[in-house]
Amino acid sequence: MPTHPERWKSLLTRYQDNRPRRMLALDGGGIRGLISLGILQKIEAMIKQKTGQALCEYFDYIAGTSTGAIIAAGLSRAMTTADLIKFYQDYGRQMFDPSGLLERFKYLHTADPLIHQLQNVFGAATTLAPDDLKCLLLVVTKNVTTDSAWPVSSNPDAKYNDPTRPDCNLRMPLWKLVRASTAAPVYFPAEVMTWDPRLPSESAVFVDGGMTPYNNPAFLLYRMATDTPDTG
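Read on for a plain summary of the structure. (Residues numbered from 1 in each chain as written. Predicted model: local features only at pLDDT ≥ 70, side-chain atom pairs only at ≥ 80, totals over all residues. Heavy atoms only, no water.)

**Focus: the pairing of strand E4 (residues 148-153)**
Stated formally: Two strands make a pair as long as DSSP finds a minimum of two bridges between them. Counting from the N terminus, the helices are DSSP H or I runs at least four residues long and the strands are E runs at least two residues long.
Pairing geometry for strand E3 (residues 136-143) and E4, over 6 bridges, is antiparallel. For Val140, the partnering residue across the bridge sits in E4 and is Pro151. The hairpin formed by E3 and E4 contains 4 residues between the paired strands, and Asp147 there has a positive phi angle of roughly 55°.

Put into structure tokens, the structure is as follows:
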């Protein structure tokens, strides 16, 4: 149950009841995310037929690493599997095709074409704030600055999601966090995050979450869901 009900906003009604919760973990694997989506499409149809719910209504907490982060973020925004499959069909080559390394190398010096597409899909102004998501979300990326895995949760009660903090994670643009989780070294440049524009020294550099032990975020999701709220 929420420790700070005032932070939960539009999600409060859903999460204030003390009941069993359903969680969904989506691992990395590049274009193989389409396999996950194929399985999820079947699950989505079964849930819709049985309960009338969308995936973001049925699952209370969704986690994703790398390509799984794209899917998890999309589901948390109430996208359907059909929406996400179309996104992969339209832009999968830009995101995951290993061919043409010289072509990819120019992205280290020019704007990444994936950024524009992620902004279009998730919204340039969308953050991890409760009013921007339909369920709790966990995205795994790697902080190169500290050489550590960074699980970033949208749980409003989490320690680093306190809105009074200048580095509150809930202000992160969703597209930027997903971009960080999918920033495979060599293929794409790292993503730099700055929480407070007044403190550029507080910036950190992030790369693909698949570079951590949590390419499959299932256990990490379990820990984040069961640890005390002020730890994550």
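Past the structure itself, the notes keep going.
**Brief notes about the environment of Lys142**
Rule in force here: We call two N or O atoms a polar contact when they sit within 3.5 Å, provided that within protein one can donate a hydrogen and the other can accept it, with sequence-adjacent residues counted only if both atoms are side-chain atoms.
Tracing the sequence through the fold places Lys142 in strand E3. Taking the C-alpha atoms as reference points, Lys142 and Ala180, separated by 38 residues in sequence, lie 8.0 Å from one another. A distance of 3.3 Å separates the side chain of Lys142 from the side chain of Asp147, its partner in a polar contact.

**Here we look at the packing of helix H2 (residues 33-51) against helix H4 (residues 67-76)**
To keep it simple, the criterion reads: Under this scheme, a helix contributes an axis fitted over its contacting stretch, all axes are lines through C-alpha atoms, and angles between N-to-C directions fall in the 0 to 180 degree range. When the near helix sits turned anticlockwise from the far one by under a right angle, the crossing is termed left-handed; a clockwise turn instead gives a right-handed crossing. Note on definitions: a residue-residue contact is assigned when non-hydrogen atoms from the two residues lie within 4.5 Å. Under the convention adopted here, Pro, Cys and the residues Ala, Val, Leu, Ile, Met, Phe, Trp and Tyr are nonpolar, Asp, Glu, Lys and Arg are charged, and Gly plus all remaining residues are polar.
Contact pair H2 / H4: the axes reach a minimum separation of 9 Å and the direction vectors enclose 35°. Viewed along their axes, H2 and H4 form a crossing whose handedness is right-handed. Of the residues in H4, those in contact with Gly33, Ser36, Leu37 and Leu40 of H2 are Thr67, Ile71 and Leu75. Here the contact of H2 with H4 is built from residues that sort into 4 nonpolar, 3 polar and no charged.

**Some points on a nonpolar patch on the surface**
For clarity, the cut-off: Like charges within 9 Å and nonpolar side chains (Val, Leu, Ile, Met, Phe, Trp, Tyr) within 5 Å are joined into patches, using only residues over 30% in relative accessible area that form no salt bridge. Accessible areas in this description were obtained via Shrake-Rupley with a 1.4 Å probe; residue shielding takes into account the shown protein chains only. Counted as salt bridges are all cases of a side-chain nitrogen of Lys or Arg within 4 Å of a carboxyl oxygen of Asp or Glu. In this scheme, a residue with accessible area under 20% of its type's maximum is buried, one over 50% is exposed, and one in between is partly exposed, where area comes from a 1.4 Å probe on protein chains only.
A contiguous nonpolar patch, built from Met23, Phe219 and Tyr222 and spanning about 330 Å² of accessible area, is present on the exposed surface. For Tyr222, a relative accessible area of 47% corresponds to the partly exposed category.

**Quick word on the environment of Val207**
When you line up the elements, Val207 lands in strand E6 (residues 204-207). A relative accessible area of 10% means that Val207 is categorised as buried. Separated by 65 residues in sequence, Val207 and Lys142 have C-alpha atoms that sit 5.3 Å apart. When sequence neighbours within four positions are dropped, the list of residues in contact with Val207 reads Thr141, Lys142, Val144, Ala180, Ser181, Ala183, Pro185 and Ala190.

**Quick notes on the pattern of salt bridges**
Under the definition given, this model contains 9 salt bridges. Between Lys86 and Asp90 there is a salt bridge whose closest N-O contact spans 2.6 Å. Of this pair, Lys86 and Asp90 both sit in helix H5 (residues 81-96), 4 residues apart, roughly one helical turn. Overall, the relative accessible area of 48% leaves Lys86 in the partly exposed class. Classification of Asp90 as partly exposed rests on a relative accessible area of 41%. Between Asp167 and Arg165 there is a salt bridge whose closest N-O contact spans 2.8 Å. What makes Arg165 partly exposed here is its relative accessible area of 23%. In this structure, a network of salt bridges that share partners links the residues Arg14, Arg19, Arg21 and Asp60.

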